[in-house]
Each structure stands twice: as C-alpha cells, then as structure tokens.
Amino acid sequence: MTDQHGKEYLFFDDLIKDRSVVVNFMFTECSLICPGTTSHLARLHAAFGGEVGKRLTFISVTLDPENDSVEALHEYWEAFGGHEGWLYLRGDYEETELLRRRMGVYDLDPIIDADKTQHGGILTFGSDVTDRWAALPALSTIRDLQDTIIRFALVGSRSRRLPPANAAEATAEEEAKV
C-alpha cells in the first residue's frame, strides 16, 4: 500500500505488527459520511495529543484506489489538518477488498456492500502486541472512542500507558496500588 506521501508499506509487516492502530475506510470523493467522519477523527486525534505517531497510528484506507491517487490522498490529508501519525493509504482494488473483509468492515447484503457510497462508518482499532481488537461506529463520542481505544489498543502495550481518561479510572488505579 502507498501513503499520501508516496511511501510504500506492507500493511501487516510495516503498519500493524507490534503496533497499536486505529483504522477506518473512506474515499476522497465521498460526500456523505466521510467528511464528517474525518473531521470527527481529527478531533479524536487531538484528544490523544502527542501519543499519535508514537504509541498509536491512525490509518485511513481508501475504498476507491482507482480514483484516489497519492496526490488526492495528500490533498485530503491536508484539507483535514495534515496530522502527523495519520496515514492515508491506497492499494489495488483486490488488496483493499481483502483487507476490508478480513477486518470485518463489510455489509452482509452484497448489493449494499458493492456500493461504496453506502459503506459503514466503522472505526476498527487494536494492538498486535496484545491481540485485542474492537470496533465502534466512527461517530461515537470522542470520550467513548478514546476510552475504548485506550482499553483495547494501548493498555498492555510495551510503551508507557496514557494518563487515565477519567476520574473513576484514576481512582481505581490509585486503589490498585495500595
């Protein structure tokens, strides 16, 4: 797969193995769910602060690799803030479809599934280190997404843990130390 800067990757070996990731599927000409989802994910990226790019990588994979060139992905990345630690990827159609299916991001109705304009706004996240994976609607609240991503993708990874996301978690951690 190739990112918005023209760098090539092997999806698992270079981006997933021994890492924690947040993955969504989109395409640059999408006028329905993608712009709102991408804006929402930019707010989620900000909520993680400097952890994105260090302990966590955001990955957006185009569903339209025939039309989403590296240049189009770069323009889309810039339009939504050009955030570090966030890759916009394109691969060939078969590679993208295989990835989408293996990640469980498809509709059981083949007619709906074949129409990329009806793709679900699902955010899949997890850690290869812990082999814990989950998915939520991408437009869930920032707090729900952040808390769940911390629980599934970051807790137990080799790096230091993020600060508690809420007061209840901080209290529980302090009580566990006693």
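Scope of this entry: the structure provided in the associated data block. Starting from 1, residues in each chain are numbered consecutively following that chain's sequence as written. Since the coordinates come from a predicted model, pLDDT governs what is reported: local features require at least 70, and pairs of side-chain atoms require 80 or more to be given and counted, while whole-chain, interface and lining totals use all residues. Note that water and hydrogens are dropped before the side-chain values are worked out from all heavy atoms of the structure.

**Considering the packing of aromatic side chains**
At step 1: Only centres within 6.5 Å qualify two rings of Phe, Tyr or Trp (six-membered ring in Trp) as a pair; their planes then separate them into stacked at under 30 degrees, edge-to-face at over 60, and tilted for everything else. One pass over the structure, following the stated rule, counts four aromatic pairs.
At step 2: When the centroid spacing of 4.7 Å and the interplanar angle of 50° are considered together, the rings of Tyr-76 and Phe-80 count as tilted.
At step 3: Only protein chains enter the accessibility calculation, which uses a 1.4 Å probe; a residue whose area is less than 20% of its type maximum is buried, one above 50% is exposed, and one in between is partly exposed. Owing to a relative accessible area of 8%, Tyr-76 belongs among the buried residues under this scheme.
At step 4: Where Trp-86 meets Tyr-88, the ring centres are 5.4 Å apart and the plane angle is 15°; that geometry is what we call stacked.
At step 5: According to the relative accessible area criterion, Trp-86 is buried, its value standing at 2%.
At step 6: The exposure class of Tyr-88 is buried, given its relative accessible area of 1%.
At step 7: Among the aromatic side chains, those forming a connected cluster through ring pairs are Phe-58, Tyr-76, Phe-80, Trp-86 and Tyr-88.
At step 8: In this scheme, Lys NZ or Arg CZ marks a charge over a ring once it lies within 6 Å of the ring centre and within 35 degrees of the ring normal. In this structure, Arg-101 is placed above the aromatic ring of Tyr-106, and the distance from its NZ or CZ to the ring centre is 4.6 Å.
At step 9: For Arg-132, the ring lying beneath its charged end belongs to Phe-152, and the centroid distance is 4.5 Å.

**Section: the environment of Leu-136**
At step 1: For Leu-136, the position within the fold is in strand β5 (residues 132-137).
At step 2: Separated by 12 residues in sequence, Leu-136 and Thr-124 have C-alpha atoms that sit 6.7 Å apart.
At step 3: If we ignore the near neighbours within four places in the chain, the residues touching Leu-136 are Gly-121, Ile-122, Leu-123, Phe-125, Asp-144, Leu-145 and Thr-148. In this text, helices come from DSSP runs of H or I with a minimum length of four residues, and strands from runs of E with a minimum of two, each type numbered from the N-terminal end. By definition, residues are in contact when any of their heavy atoms lie within 4.5 Å.

**Concerning the pattern of salt bridges**
Where charged atoms of side chains with opposite charge meet at close range, the side chains can pair.
At step 1: Salt bridge, as applied in this entry: a Lys or Arg side-chain nitrogen positioned within 4 Å of an Asp or Glu carboxyl oxygen. Taken as a whole, this structure holds three salt bridges when the rule is applied.
At step 2: Between Glu-97 and Arg-100 there is a salt bridge, with the nearest N and O atoms lying 2.6 Å from each other. One end of the pair is Glu-97 and the other is Arg-100, both in helix α4 (residues 93-102) and three residues apart, which spans about a single turn. Of the two residues, Glu-97 and Arg-100, both sit in the buried class.

**Notes on empty space enclosed by the protein**
At step 1: Using a 1 Å grid laid over the protein atoms alone, points where a 1.4 Å probe fits but cannot get out form a cavity; open sets with protein on both sides within 12 Å along at least 5 of 7 lines form a pocket; any residue with an atom within 4 Å of a point counts as lining. Grid points are joined across faces, edges and corners, and a volume is the space filled by probe spheres set on the points. Scanning the entire structure with this criterion turns up one cavity of 30 Å³ or more.
At step 2: Lining the largest cavity are Asn-24, Phe-25, Met-26, Ile-33, Thr-37, His-119, Gly-121 and Ile-122.
At step 3: The element that contributes the greatest number of residues to the lining of the largest cavity is strand β1 (residues 20-26), accounting for three residues.
At step 4: Note on residue classes: Ala, Val, Leu, Ile, Met, Phe, Trp, Tyr, Cys and Pro are nonpolar, Asp, Glu, Lys and Arg are charged, and everything else, Gly too, is polar. Tallied by class, the residues present in the lining of the largest cavity amount to four nonpolar, four polar and no charged.

**Section: the pairing of strand β4 (residues 122-127)**
At step 1: Of all the six residues making up β4, five are buried; the element is thus mostly covered by neighbouring parts of the structure.
At step 2: Pairing of β1 with β4 involves four bridges; the strand directions are antiparallel. The partner of Val-21 across the bridge, within β4, is Gly-126.
At step 3: Examined bridge by bridge, β4 and β5 share six bridges and lie antiparallel to one another. Paired with Leu-123 across the strands is Leu-136, a residue of β5.
At step 4: Pairing between strands requires that DSSP locate at least two bridges from one strand to the other. Between β4 and β5, which pair antiparallel and follow one another directly, the connecting turn spans four residues, one of which, Asp-131, has a positive phi of 55°.

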